[in-house]
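Structure at a glance
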Amino acid sequence: MIKHIIQRILSTILLLLAVSFFTFWLIHATPGNFFDSLRLNPQISQSTVEHYEKLYHLNDPLLWQYFHWVINIFHGEWGYSLYYNVPVTHVLGSRLFNTFVLSFTSLILTWGIGIPLGIWAALRRNHWIDRMLSVFSFAAFSTPGFFLAVLVLYAASRWGGLPLGGMHSPNYDDMNLLDKIKDTLLHLVIPAGVLSLSSMASLQRIMRGNMLGVLRQQYILAARAKGLPEGIVIYRHALRNAFNPLVTLLGYEFAALLSGAALIEIVCSWPGLGSLLLTAVRAKDVYLVMSSTLMGGVLLIMGNVLADILLTWVDPRIRYEKRR
Amino acid sequence: MKDLLIIDNLTVSVGTKLLVNRVSFEVGQGKIVAIAGGSGSGKTTIGLSILRLLPSALSIEQGSIIFEGRHLLGLSRREMQHYRGKHIGMVFQEPLSAFDPLFTIGQQMDEVLSVHTPLSGPQRYKKILEVLSEVELPDPLRAYRSYPHQLSGGMRQRAMVAQAIVAGPSLIIADEPTSSLDVTLQVKIMELFKRLRDKNMSILLIAHDLGMIAHLADEVIILHQGELVEKGEVGKIMSGPKHDYTKALIEAFQ
Amino acid sequence: MKNVVKHQSRIQLAFASFRRNRVAMLCFWALMVLYGMAIFAGFICPYSYQDENRDFSYCPPTKIEFYDQGHLSQPFIYKRSLTFNDIHRRVYVTDHAVRYPLRFFNNGRLFTVEAPGRLYIWGADARGRDIFSRIWYGARISLSIGILGVLISFILGLLIGGIAGYYGGWVDSVLMRLCEMFMMVPGFYLMLALRAAVPENFNSVQVYASVVIILALIGWASLARIIRGMTLSLRERDFVLAAKSLGVPDIVIIFKHILPQTISFSMATLMLTVSSYILAEAGLSVVGLGIQDPIPSWGNLLSDAMEIVPVIFAPWILLPGLFIFIAVMCFNVTGDALRDAFDPMFKE
């Protein structure tokens, strides 16, 4: 099992290197040297420019530059942001945390509501609520997230009650800890709600399908033949078997989550990694783009490894798989 | 001696089609009674009807099932749960799909005991190991800790029999228990059933292999497309079949 | 070739089953209507997508009148003019004295009004451009990009998935690792990064092509995996062994025998992929990184609507979103129904 996890980490590191190099090459392939604008900017001192020129070996071939960039990453030197006029690390940290908060809340909502709804729908198959849920699910994952966000914001502006974007209220810094948490939670409602809606909908459908498939299995009949109460049959045996395959989805879910979060962040003015990346891309802020992409990748690895560990823990067939 | 199980005029249908048509037979205590027939004869349906585990599309039109003097068909679902596992056990054809892949054998057998008996944890553990060795599993402790996919086919089937008898039922319904096993294992399982019968357990054996039935069962009921064609002692039927279908079945397995 | 014959009737059975699904057929025809309107946008729309008139900025939808003082008459609209109220908000005043009758089949367009009248069936945007017209011209972009993107993804998927599935072994492992890598990257991040590489001086056609390629690159991997799975099971079939024993070269077997059979079963996935590409393009365009103004796409039409203030005063600018929703929903429903029709296991 450990071997399997190490393999996964290695292959994801490879992936990170590949993606970052690809991004690096792409940005440098476009005309217009980023550093020219840096040099021309009167706000940046000559010594800063020289410092970075040396650090990044700008006169060396591309591969060498990339190599130095990677080395620098490990030294904690992530580059300079032209747009924000500060080293990248100053901007990245808090943005990363904000995206994490949004994504994590969304994940909890998605799985916390989606799974029970799926079970419920399977147990009440063809009930009118099941059908309604089905239609609703389709509608939910057909609606563009950003569009739904705007609609919700529009409704919120009409009916009040929820803050219209951003992460903190203007007087955030003056609040005590409890109020700060409450304030953040209030601001989370719309972005996290909209973000989780479509994945909740598809998860519910999948869980329902799995549940129905499992309920047809022989071991469910056997469990009933043993005289087990229906509750144990459903919630101990059927549920676990229906849920297990979904854990493999968790890994891909992270990718989708980060992806969807980016747009929602932008619409709801949530100060996260996605909106940072967008600003960086628009401004052709090379090192910021690279670092943001890299951070996105790191978040992804962690999520995937966690999902993998969860899967091996939860499914004995994988845990005790004979060597092929 | 009163019969353990009496099936009287059982009729089961799905929609307008009759799967089981007015079948009647008895299973005495300590006897192995076989229900024989080709596929579609209704034999599995009878087995599931006794435990009231029929799929919702099927319905029992008429008839009665009397077990240890009680009419099973009139019982509520909760009362039925009391009989399942504790008084009547079931062995399935394919043990890999009849066990929950996510729990160990021990856990799945423990479930039966904790629902049906007042035994404590350590007492259940002891009882399970006893039964696992009774079915002649070479390493009961290992079997207890194993997941279904970790055991071989033969060991799994023994474990399934163990799970069926652990709560001490007086009747076992065995639905094609050896169909998924190779011949040497089949013989072993057959011997296991004989031993259980000698301990005064009754076995309702559902099978299509008349050869196996001839070696194992005391009495046999021949079904053809839901109708009872012949019934009686195995020896008599095998040597002097009256019905054409019975003759055809015997020939097929000669 | 017994297997091939059996397979044919399975496809026909599946299509028959699909046709019985009324909701799916409804969605399918809705899609046909959408595509039809898009193709004939030049005819149905009263204005071109660039036709702007700042005097009618954010003009509300124009009401078409059918009655003239109680009598049925030729359809017409009243004149509208812009004034500002006491708090400097835009107000449009209707002048009942001046009428502009509707002209049909005028100038190659289905219906228009004579200048200086302006017919805004669904309202106007900030620059006075007709939303109705821009939506249907935009449909051309949004609906075609999805299909083209899927085509390229499909070709990539067929190639890579087919080769991986057919040869197996280390070829399969390497190619599947590659797929996994692509599937694991957050789509939006990949799109942004790729978009960053597109030079600024690209004209609209080149931008369109770039967006198509970018879309294709985010989705080919899951298609490849599915095709690989199907190829794996197909290559064991008798007709493949027969072809091999006759000395038919591998490439021919892959392209002539195996891949055609994967197409029908991939169709459901293809439809679902189109819907995700339409959403992706909308996402890219709404932040200004996709198709650029003045060429309309449903996504960039919505970029005006991302600010809450315009939406409150001119809610009709949200309409493109409704169409994205309808198109995506229809693709999802037909894709899902196709999948149900082809996979008997899904029948409940």
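Residues numbered from 1 in each chain as written. Chains lettered and ligands numbered in written order. Predicted model: local features only at pLDDT ≥ 70, side-chain atom pairs only at ≥ 80, totals over all residues.

**Focus on the overall build of chain C**
Quick note on the threshold: Only DSSP runs of H or I reaching four residues or more are called helices, and only runs of E reaching two or more are called strands; each is numbered from the N terminus. To assign burial, the other C-beta atoms lying within 10 Å of each residue's own C-beta are counted, with C-beta atoms placed from the backbone; 20 or more indicates buried, 12 or fewer indicates exposed, and intermediate counts indicate partly exposed. C-beta atoms are first placed from the backbone for all residues, and any pair lying within 7 Å is then listed as a contact.
The helix and strand inventory of chain C stands at 12 helices and four strands. For chain C, with 348 residues in total, the buried portion stands at 42%. Sequence-distant contacts, at least 24 apart, represent 70% of the contacts inside chain C between residues at least 6 apart.

**Thoughts on the overall build of chain B**
Operational definition: Radius of gyration means the value over C-alpha atoms here, while the globule rule gives 2.2 Å times the residue count to the 0.38 power.
Along chain B, the regular secondary structure elements total 11 helices and 10 strands. Since a compact globule built from 254 residues should have a radius of gyration of about 18 Å, the 18 Å found for chain B is in line with a globular shape. Each of the three principal axes of chain B carries a C-alpha extent, and together these read 55 × 40 × 35 Å. When each of the 254 residues of chain B is scored for burial, the buried share is 46%. Across chain B, every contact between residues at least 6 apart in sequence was considered, and the portion connecting residues at least 24 apart equals 65%.

**Regarding the packing of helix α12 (residues 286-314) of chain A against helix α6 (residues 187-197) of chain C**
Here is the rule we go by: Every axis in this analysis is a line fitted to C-alpha atoms, fitted for helices over the stretch in contact. Angles between the N-to-C directions lie between 0 and 180 degrees. In what follows, roughly perpendicular refers to angles from 65 to 115 degrees, roughly parallel to angles under 35, roughly antiparallel to angles over 145, and oblique to any angle outside these ranges. Put simply, a crossing is left-handed when the front helix is turned counterclockwise from the back one by less than a right angle, and right-handed when it is turned clockwise. Three residue categories are used. Nonpolar comprises Ala, Val, Leu, Ile, Met, Phe, Trp, Tyr, Cys and Pro, charged comprises Asp, Glu, Lys and Arg, and polar comprises the others, including Gly.
Two elements in contact, α12(A) and α6(C), have axes whose closest approach is 11 Å; the angle formed by their N-to-C orientations is 160°. Taken together, α12(A) and α6(C) sit at an angle that is classed as roughly antiparallel. Considering how the two elements wind past one another, α12(A) and α6(C) form a crossing that is left-handed. Every residue of α6(C) that contacts α12(A) at Val289(A), Thr293(A) and Gly296(A) is listed here: Tyr189(C), Ala193(C) and Ala196(C). Of the residues belonging to the contact of α12(A) with α6(C), the class tally is four nonpolar, two polar and no charged.

**Brief notes about the nonpolar core**
Applicable threshold: To form a nonpolar core, buried Ala, Val, Leu, Ile, Met, Phe, Trp, Tyr and Cys residues must be joined through C-beta atoms within 7 Å.
Within the largest apolar cluster, 251 residues are counted, with the highest numbers of intra-cluster contacts made by Ala149(A), Ala36(B), Leu205(B) and Ile213(B). Setting aside its immediate chain neighbours within four residues, Ala149(A) contacts Ile190(A), Val194(A), Ile264(A), Val267(A) and Cys268(A).

**Points about the domain arrangement of chain B**
Residue and element names in this part refer to chain B. Formally: Domain start and end points were adopted from an automatic or database domain assignment.
What the domain assignment reports for chain B is domain 1 (1-87 + 171-254) and domain 2 (96-168). Placing the centre of domain 1 and that of domain 2 at their C-alpha centroids yields a distance of 25 Å. Across the contact, 11 residues belong to domain 1 and 12 residues belong to domain 2. For the side of domain 1 that touches domain 2, the class distribution of residues is seven nonpolar, two polar and two charged.

**Describing the environment of Phe136(A)**
Residues and elements named next belong to chain A. With respect to the helices, strands and loops of the structure, Phe 136 is situated in helix α6 (residues 128-142). Exposure remark for Phe 136: the 13 C-beta atoms within 10 Å place this residue in the partly exposed category. With 62 residues separating them in the primary sequence, Phe 136 and Ser 198 have C-alpha atoms 9.9 Å apart.

**Some points on the arrangement of the chains**
With two pairs of chains in contact overall, the greatest share of contacts is found between chains A and C. Chain B shows no contact with chain C. Their nearest C-alpha atoms sit 13 Å apart.

**Digging into the packing of helix α10 (residues 230-267) of chain A against helix α11 (residues 273-283) of chain A**
Residue and element names in this part refer to chain A. In contact at an axis separation of 7 Å, α10 and α11 are set at 80° when each is read in the N-to-C sense. By the angle class used here, α10 and α11 are roughly perpendicular. Taken together, the residues of α11 that come into contact with α10 (itself represented by Ala 261, Ala 262, Leu 263, Glu 265 and Ile 266) are Gly 274, Ser 275, Leu 277 and Leu 278. Here the contact of α10 with α11 is built from residues that sort into six nonpolar, two polar and one charged.

**Concerning the domain arrangement of chain C**
Residue and element names in this part refer to chain C. Looking at chain C, the domain boundaries give domain 1 (55-129) and domain 2 (132-342). Between domain 1 and domain 2, the residue contacts involve eight residues of the former and eight residues of the latter. Residue composition of the side of domain 1 that touches domain 2, by class: five nonpolar, one polar and two charged.

**Considerations on the interface of chain A and chain C**
Between chain A and chain C, the residue contacts involve 41 residues of the former and 37 residues of the latter. The set of elements that each furnish at least two residues to the side of chain A that touches chain C consists of α1 (2-29), α6, α7 (145-159), α10, α11 and α12 of chain A. Of the residues assigned to the side of chain A that touches chain C, the class counts are 29 nonpolar, 11 polar and one charged.

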